[in-house]
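# Examination of the molecular architecture
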Amino acid sequence: MSYQLSRRQFLLSSASVAATSATVLPGCKLQSNNNQTDQTHRIALLGDVHFHDIHGDFGFNDNEVCIRTMQDSVGSTRMFNENYFVFKATLDDIVAEGIKFVILVGDFSDDGQEAHVDGLKRVLDQYSDEYGLEFFLTHGNHDPTTPYGEDCDKTFLRSDGAGIKVTSNQSDVENFIPSDEVDGVLYSPKMQSLGFMPLMEKLGRFGFQSQPHYHYYETPWKSDKLEDRVYQATSADGTYTVECPDSSYLVEPIEGFWICSVDMNTHVPLDPLGSQWDHDAKGYEDGKVQKPQVLAWLKDVIKRADEQGKTLLVFSHYPAIEYLNYSADDFYYLFADSSYNHKRVPTSETTEELIDCGLKLHFAGHIHINDTAKYVGRNGQTLVNVQAPSLAAYIPAYKKITCYGPDDFEIETKVIEDVPEFDSLFNHYENEIDWRTAKGLDTHWKSMLEVSSYRELMYQHLICLTVNNKSDDWAGICAIFTNQNFHSIG
Ligand SMILES: [Fe+2]
Ligand SMILES: [Fe+2]
């Protein structure tokens with residue numbers, strides 16, 4: 001069956017979508033919940049949570065420095081502080097839905113800072129212990145930002161409304177020069193962005209390491225030990241390699257149901273010691289070259305799942321196909337985007353390789369969009385890619401997946417309309433407005449504080465990001481006119 005909806009058709013078909021919409025995959029049967037059996041598995045899939053712990057332990061006595069400035073938020077494609085509230089509200093919703101399995105498809109933290117990762121672990125532990133949720137994570141390009149960690153600094157909001165630099169680099173403190181925008185500096189080792197291994201140790205309970213109650217667990221590296229889960233990353237000129245971790249895993253949390261996390265983060269060493277790294281966050285495009293072992297393993301996993309009658313759910317941080325459903329070139333030419341988004345679109349050669357692996361259905365994040373696309377391969381095989389939206393950007397939503405059997409999935413989009421306490425930080429932003437007004441600084445975003453719901457806040461954030469900022473971010477501008485969530489930074 002051909003499935004080449006144009007962008008316009010796709011949007012028209014979605015125009016009347018209410019809070020929850022169902023996507024029936026081509027070739028897949030739609031069944032009512034009345035048909036649920038013991039073989040039915042329900043999963044919530046959350047894209048790019050980018051958790052920022054507003055109560056994070058940064059080593060200060062003044063808790064008010066634990067939020068970012070609104071000025072920073074309106075310059076980013078996601079809001080920084082409010083994702084704390086929406087994440088917990090979403091987990092409450094998942095509990096109310098009676099869903100047990102929760103997948104975070106990468107970029108689960110702001111930038112892998114230790115304080116935020118500890119805060120995320122605290123929340124995940126709470127929902128695991130109190131409500132029996134079971135989490136499965138993969139890494140995104142924000143966690144880690146580099147294989148073995150690096151210094152990080154961000155501008156936080158001081159209680160008097162000023163911006164203050166919080167840094168894990170002591171020399172930043174010694175060399176700091178105050179300005180109207182950033183009036184002070186604080187050192188915190190918990191601002192350090194963690195590397196793969198500390199992340200996989202801290203969050204090991206959530207898929208990164210085998211747990212006693214799992215029915216089955218494996219990695220591409222024939223070992224569960226973290227130190228064995230490595231490959232040789234090759235320098236750009238091909239003259240040397242440096243060891244780099246990989247976090248891919250296969251888990252059978254309940255008999256007959258396999259969850260496969262494909263780590264397609266790749267990092268290119270800039271020196272033989274591995275002290276500096278580069279990465280493009282292009283996912284499968286670079287991953288197939290840097291660590292072909294992982295794709296060979298994925299092919300074998302799919303083959304074994306088929307032979308053993310397992311229901312297999314495959315996810316990665318990065319999309320497996322052109323995620324805009326045959327519209328990427330239209331955007332490319334219309335907006336002359338020659339740099340950012342287009343390089344993140346997998347080539348057809350890469351998608352064909354994944355189809356050759358036997359992959360039929362794939363879930364991803366990274367792009368902060370909500371879209372489902374289908375690629376028809378050269379031999380007629382198909383691959384469907386489902387992009388999970390971010391909770392911290394317009395339109396905030398998550399995916400509900402019901403697996404009725406190996407080839408029978410129902411996928412819904414649950415929009416988050418409102419969030420308790422979403423406006424509880426607004427009084428701090430009022431202080432920020434006062435500070436910035438006194439200094440003659442830009443406050444174009446102050447109308448955002450007049451919203452009455454979380455969804456409206458995300459919409460106003462998008463307006464500020466694009467129209468009010470007069471941004472040339474074509475993706476954001478498209479979002480205004482299509483009422484969709486196309487963001488450029490993953
Ligand atoms: Fe990303
Ligand atoms: Fe992201």
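Further up the page is the structure itself.
Each chain has its residues counted from 1, running along the sequence as written. In the order they appear in the text, chains get letters beginning with A and ligands get numbers beginning with 1. Side-chain atom pairs in this predicted model are given and counted only at pLDDT of 80 or more, local residue features only at pLDDT of at least 70, and totals for whole chains, interfaces and linings cover all residues. Side-chain metrics rest on all non-hydrogen atoms present in the structure, leaving aside hydrogens and water.

What follows concerns the pattern of salt bridges. Any carboxyl oxygen of Asp or Glu that lies within 4 Å of a side-chain nitrogen of Lys or Arg is treated as forming a salt bridge with it. On inspection of all chains with the given rule, the structure shows 32 salt bridges. Put simply, D53 and R122 hold a salt bridge, and the shortest N to O gap is 3.0 Å. With D53 in the loop between β2 (41–46) and α2 (70–73) and R122 in helix α4 (residues 114–131), the pair connects residues that are 69 residues apart, well separated along the chain. Here D183 ties to R158 by a salt bridge, and the two come within 2.7 Å at their closest N and O atoms. Separated by 25 residues along the polypeptide, D183 in strand β7 (residues 182–187) and R158 in the loop between β5 (153–157) and β6 (163–167) bring together distant segments of the chain. Residue class for D183 comes out partly exposed when judged on its relative accessible area of 29%. Here a strand is any run of E in DSSP of at least two residues, a helix any run of H or I of at least four, and the numbering for each starts at the N terminus. Partly exposed describes any residue whose relative accessible area lies between the buried limit of under 20% and the exposed limit of over 50%, with all areas from a 1.4 Å probe on protein chains only and scaled to the type maximum.

With that settled, the discussion passes to the side chain of H362. Summarising the element assignment, H362 is placed in strand β16 (residues 361–364). We call two N or O atoms a polar contact when they sit within 3.5 Å, provided that within protein one can donate a hydrogen and the other can accept it, with sequence-adjacent residues counted only if both atoms are side-chain atoms. Side-chain polar atoms of H362 contact the side chain of N385, separated by 2.9 Å. Throughout, a contact is declared for two residues whenever any of their heavy atoms are within 4.5 Å. Those residues in contact with H362 that lie beyond four places of it in its chain are Y284, V314, F315, S316, Y318, P319, A320, L383, V384, N385 and V386.

Let us now look at the side chain of S223. Checked against the element boundaries, S223 lands in the loop between β8 (216–218) and β9 (230–234). Exposure remark for S223: the relative accessible area of 14% places this residue in the buried category. Only 3.0 Å separates the side chain of S223 from the backbone nitrogen of K225, close enough to count as a polar contact. Polar contacts involving the side chain of S223 include one to the side chain of D228, which spans 2.7 Å. Setting aside chain neighbours within four positions, we find S223 in contact with D228 and R229.

Okay, helix α8 (residues 292–308) next. What a helix should span is 1.5 Å times the count of its residues minus one. Its 17 residues give α8 an end-to-end C-alpha distance of 24 Å, which sits within 8% of 24 Å, the value for a rise of 1.5 Å per residue. Listed in full, the buried residues belonging to α8 are V294, L295, W297, L298, V301, I302, R304 and A305. Elements that come into contact with the buried residues of α8 comprise β8, β11 (249–254), β12 (257–262), α7 (284–290), β15 (311–316) and α10 (348–356). In the segment just after α8, G309 is the residue with positive phi, at about 70 degrees.

Ranked by size, the top nonpolar core spans 116 residues in total, and within it L46, F87 and L313 carry the most contacts. If near-sequence neighbours (up to four positions away) are discounted, F87 is found in contact with L46, V49, F51, L104, L120, V123, L124 and L391. Residues C66, A115, F156 and M191 belong to the second largest nonpolar core, which totals nine residues. Here, the term nonpolar core denotes a set of buried Ala, Val, Leu, Ile, Met, Phe, Trp, Tyr and Cys residues that are joined through side-chain atoms within 4.5 Å.

Across the six residues that make up strand β18 (residues 382–387), a large majority, five, are buried. Think of it this way: DSSP has to see at least two bridges between two strands before they count as a pair. Sheet topology places β16 next to β18; four bridges connect them, and they run parallel. Directly across from H362, in β18, lies its bridge partner N385. For strand β17 (residues 371–376) and β18, the ladder comprises six bridges, and the chain directions are antiparallel. Paired with T372 across the bridge in β18 is V386. The antiparallel hairpin formed by β17 and β18 contains five residues in its connecting segment, where G380 sits at a positive phi of about 90 degrees.

None of the figures reported here should be taken as evidence of function without further support.
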